[in-house]
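What the coordinates show
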2 protein chains.
Amino acid sequence: MTTSLGGLTDCIAPHLAAVDDLFQSELRSDLACVNQLVKHVLRFRGKMLRPTLTLLAGRACGELTESHVVIATVVEMVHMATLVHDDVLDEAELRRKGATINHLRGNEAAVLLGDYLISHSYHLCSSLQSQYASRAIARTTNQVCEGELLQIENRNNLDLTEATYLEIIKRKTAVLCATCCELGAKLSGASDDVVRRMSIFGMNVGMAFQIQDDILDIVGDMRTVGKTLGIDVEKGKMTLPMIHFRTHAPHEHQLLLHSLLESHEADKVERIRNLILPSDSIQYARGKAANLIRDARNVIEPLPESEATRALDFMADFVVSRPM
Amino acid sequence: MTTSLGGLTDCIAPHLAAVDDLFQSELRSDLACVNQLVKHVLRFRGKMLRPTLTLLAGRACGELTESHVVIATVVEMVHMATLVHDDVLDEAELRRKGATINHLRGNEAAVLLGDYLISHSYHLCSSLQSQYASRAIARTTNQVCEGELLQIENRNNLDLTEATYLEIIKRKTAVLCATCCELGAKLSGASDDVVRRMSIFGMNVGMAFQIQDDILDIVGDMRTVGKTLGIDVEKGKMTLPMIHFRTHAPHEHQLLLHSLLESHEADKVERIRNLILPSDSIQYARGKAANLIRDARNVIEPLPESEATRALDFMADFVVSRPM
């Protein structure tokens, strides 16, 4: 993400570097076995989307402080914790072109490493003077857990509605992005109205990001995306393109999707991909994501233009155009 | 625990009831599937050892406040989270005479439920005015994770030393008990010296508690203890009686223990039990726990005697005499 955004994140570059340093120093332990395990996490760290959102939102509303770096590090830890536990859940063998923790070290180590990350995120967050951020971060992780629980509750529910799908991705993905932008703005002393606008911006970008992720799980190229694809289908997760296809495709196609989803054939992912690709369901999902991004850009339109607001605008577009 | 301590916890009874209420109300969700899962946790809640420690330590140092109830609830949530994730780790099928979450609902639900509990514990903790408790709780969970990681690092390490064993149980069990007592005293406005004494008391009681737990895993009766026993042996966890036996039993017996530990025979747990029982290794571990309890009682001796200090004394003894 950082490289793709190019010069647009120059205004936060030293702070992003500070996030990197803080992330590593906070996770250091006096136990060698812990440091060994944490190394895996450092190796598969990625786009820094959430710290970038936090810092840009802060920069768009004023000066960046040490607290911004703390919160940007906290949200990255929270995100990494959910990835590590997600990999346990999804039995994914690849994450960011590297082997996942659970594949390398077993589910037990993955569960504990996720716990270690989440614990350190709260520990770091509680180093700030005020409880405001701690409360917001914990409220956010409450919702992330609910989103994930709602998701597994609906595994293999081929009748999942679009409304429930949107509720799932809102809680499991979008609220964290909303909190990043909200806290970034709040820590810069933004007005309540601007904090609210930033929160909506983050929520919409997060929703669009997850929809795009779900589209890529169907249409993406594993070599470009860098993680195992087709996992949603394998794990019985209905996503927006499939939900649309199930309710809008010609009846015969709907029946075929249904029987493919229930089958255990080896080429099931490939066949579902070939079935959905020529339909307009991918386009429908893309349009939904594009609308969310348009609304996101509109809601922060009243902010004074700056390098940071231009970067936020660009990021919003990038989220739905990325092949990553 | 509560019933066994009988009238000794009368001085904190209304606060313990308030902990129960707060525990339930904090975990309530607007999602039915979440409430459904949380019900399992409520069903297998048990001894309330950690809330009791928190409240008694507070009562021994002054008046109990709403903050004591909050922290007592927080530590119970932390404890339940570790139990739920431990059950994933240990593949235990029984916990407190009820089926474990992972057995009922799969590992994924158990991972997420543990995350939900830990997230809610931090959320509740951050409702307090000061960051002091939040920081202490998160520092504690950092150490709990390290203890668990050190433990799985040493799985099947038949040469585990007593020193490393003690380091494991200190981090994974004792620090949380220390924090309970420390925060209980701190919230009552105790002096630094008394807070430190309470922390040592909790640490020692926690160490003794875990040693007793490990003894019961070998010698206990499943019907009394109420959970699957022999798990330590099954999972290659060396505990104090086995460590002592390995280094102090007659050479032939040491070799037999070694070969049994490495074997996959169905009656391996039973045979190890029969091998260790007639030795003095169980007695050695019991003595170690008793010494810790004696030191714990001594360190709070200077506190003015009250119903609460008498209950703490009794609890300390109960920890090593309990058949539970």
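Examining the overall build of chain A
- Secondary structure assignment for chain A yields 15 helices and 2 strands.
- Scored against the burial criterion, the 324 residues of chain A give a buried share of 52%.
- A separation of at least 24 residues holds for 75% of the contacts in chain A among residues at least 6 apart in sequence.

A look at the interface of chain A and chain B
- Facing 36 residues of chain A, the contacting portion of chain B comprises 36 residues.
- If one sorts the elements of the side of chain A that touches chain B by residue count, helix α6 (residues 132-153) of chain A sits on top with 13 residues.
- Here the residues of the side of chain A that touches chain B sort into 17 nonpolar, 12 polar and 7 charged.

Some points on the nonpolar core
- Counting residues in hydrophobic clusters, the biggest one holds 204 residues, and the most contacted among them are C177(A) and A208(A).
- Filtering out sequence-adjacent residues up to four positions away, A208(A) remains in contact with A289(A), L292(A), I293(A), V319(A) and V320(A).

Overview of the packing of helix α15 (residues 281-299) of chain B against helix α16 (residues 307-321) of chain B
Residue and element names in this part refer to chain B.
- Where α15 meets α16, the axes come as close as 10 Å, and the angle between the chain directions of the two elements is 175 degrees. It follows that α15 is roughly antiparallel to α16 by the angle criterion. For the pair α15 and α16, contact is made by A289, A290, I293, A296 and R297 and by D313, A316, D317, V319 and V320, respectively.
- Residues belonging to the contact of α15 with α16 are distributed by class as follows: 7 nonpolar, no polar and 3 charged.

As for the environment of Q210(A)
Residues and elements named next belong to chain A.
- With respect to the helices and strands, the residue Q210 is situated in helix α8 (residues 192-219).
- Taking the C-beta count within 10 Å as the criterion, Q210 has 25 such neighbours and is therefore assigned buried.
- Measuring from C-alpha to C-alpha, the distance between Q210 and L183 comes to 21 Å, with 27 residues separating the pair along the chain.

Describing the relation of the copies chain A and chain B
- Overlaying chain A on chain B yields an RMSD of 0.0 Å, the required transformation being a rotation through 180 degrees with an accompanying axial translation of 0.0 Å. What the rotation and shift describe, once combined, is the action of a two-fold rotation axis. It is Q131(A) whose C-alpha, among those of chain A, lies nearest the rotation axis, at 3.1 Å.
- Of the interface residues in chain A, 100% have counterparts in chain B that sit at the interface too, so the contact is made through matching surfaces.

Focus: the packing of helix α9 (residues 192-219) of chain B against α16(B)
All names here are of chain B.
- Between α9 and α16, the shortest axis-to-axis distance is 8 Å and the interhelical angle comes to 25 degrees. The pairing of α9 with α16 is recorded here as roughly parallel in orientation. Note on packing geometry: the crossing formed by α9 with α16 is left-handed. Mapping the contact onto sequence places F201, V205, A208, F209 and Q212 in α9 and L312, A316, V319 and V320 in α16.

Remarks on helix α3 (residues 49-61) of chain B
All names here are of chain B.
- Across its 13 residues, α3 extends 18 Å between first and last C-alpha, which sits within 8% of the 18 Å expected from 1.5 Å per residue.
- By the criterion of burial, α3 is predominantly enclosed, with 13 of the 13 residues buried.
- Looking one or two places after α3, you find G62, whose phi comes out positive at around 160 degrees.

Comments concerning helix α13 (residues 251-262) of chain B
- With 12 residues, α13(B) extends 17 Å between its outermost C-alpha atoms, agreeing within 8% with the 16 Å of an ideal straight helix rising 1.5 Å per residue.
- Of all 12 residues that make up α13(B), 1 are buried, and the element is exposed over most of its length.

Observations regarding the environment of M238(A)
Residues and elements named next belong to chain A.
- Structurally, M238 can be placed in the loop between α10 (231-234) and α11 (240-248).
- Of the residues examined, M238 has 26 C-beta atoms within 10 Å and is grouped as buried.
- Distance from M238 to D267, taken between C-alpha atoms, is 18 Å for residues 29 residues apart in sequence.
- Residues contacting M238, with those up to four places away along its chain left out, are N157, L158, L160, Y165 and I243.

With respect to the environment of C181(B)
Residues and elements named next belong to chain B.
- Inspection of the secondary structure puts C181 in helix α8 (residues 162-187).
- Sequence separation between C181 and V195 is 14 residues; the distance between their C-alpha atoms is 7.8 Å.
- Those residues in contact with C181, other than ones at most four positions away along the chain, are L53, A57, M198, S199, F201 and G202.

Thoughts on the confidence of the model for chain A
All names here are of chain A.
- Mean pLDDT for chain A: 90, with 90% of residues reaching 70 or above.
- Looking at the elements of chain A, mean pLDDT is at its lowest for strand β1 (residues 94-95), recorded as 47, and at its highest for helix α7 (residues 162-187), recorded as 98.
- The low-confidence segment residues 93-97 (pLDDT under 50) makes 18 contacts with residues lying over four places distant or belonging to another chain.
- Scored as a complex, the prediction yields pTM 0.92 and ipTM 0.92.

Criteria and thresholds
- Residue indices begin from 1 for each chain and proceed along its sequence in written order.
- Each chain takes a letter, starting from A, and each ligand takes a number, starting from 1, following the order in which they are written.
- Local features in this predicted model are restricted to residues of pLDDT 70 or higher, and side-chain atom pairs are both shown and tallied only at a pLDDT of 80 or more, whereas totals for entire chains, interfaces and linings draw on every residue.
- Going along the chain from the N terminus, every DSSP run of H or I of four or more residues is numbered as a helix, and every run of E of two or more is numbered as a strand.
- Here a residue counts as buried when 20 or more other C-beta atoms sit within 10 Å of its C-beta, as exposed when there are 12 or fewer, and as partly exposed otherwise, the C-beta atoms being derived from the backbone.
- Placing a C-beta atom from the backbone of each residue, one calls two residues in contact when those atoms lie within 7 Å.
- Residue classes follow a fixed rule: Ala, Val, Leu, Ile, Met, Phe, Trp, Tyr, Cys and Pro count as nonpolar, while Asp, Glu, Lys and Arg count as charged, and any other residue, Gly among them, counts as polar.
- Put simply, a nonpolar core is a cluster of buried Ala, Val, Leu, Ile, Met, Phe, Trp, Tyr and Cys residues tied together by C-beta atoms within 7 Å.
- Fitted lines through C-alpha atoms serve as axes, helices being fitted only where they are in contact, and the angles separating the N-to-C directions of these axes extend from 0 to 180 degrees.
- The cut-offs work like this: below 35 degrees is roughly parallel, past 145 is roughly antiparallel, 65 to 115 is roughly perpendicular, and the gaps in between are oblique.
- When the copies are superposed, the least-squares fit takes in the C-alpha atoms of residues with a pLDDT of at least 70 in both.
- We call a crossing left-handed when the near helix sits turned anticlockwise from the far one by less than a right angle, and right-handed when that turn is clockwise.
- By this rule the span expected of a helix is its residue count minus one, scaled by 1.5 Å.
- Values of pLDDT, the confidence the predictor places in each residue, fall between 0 and 100.

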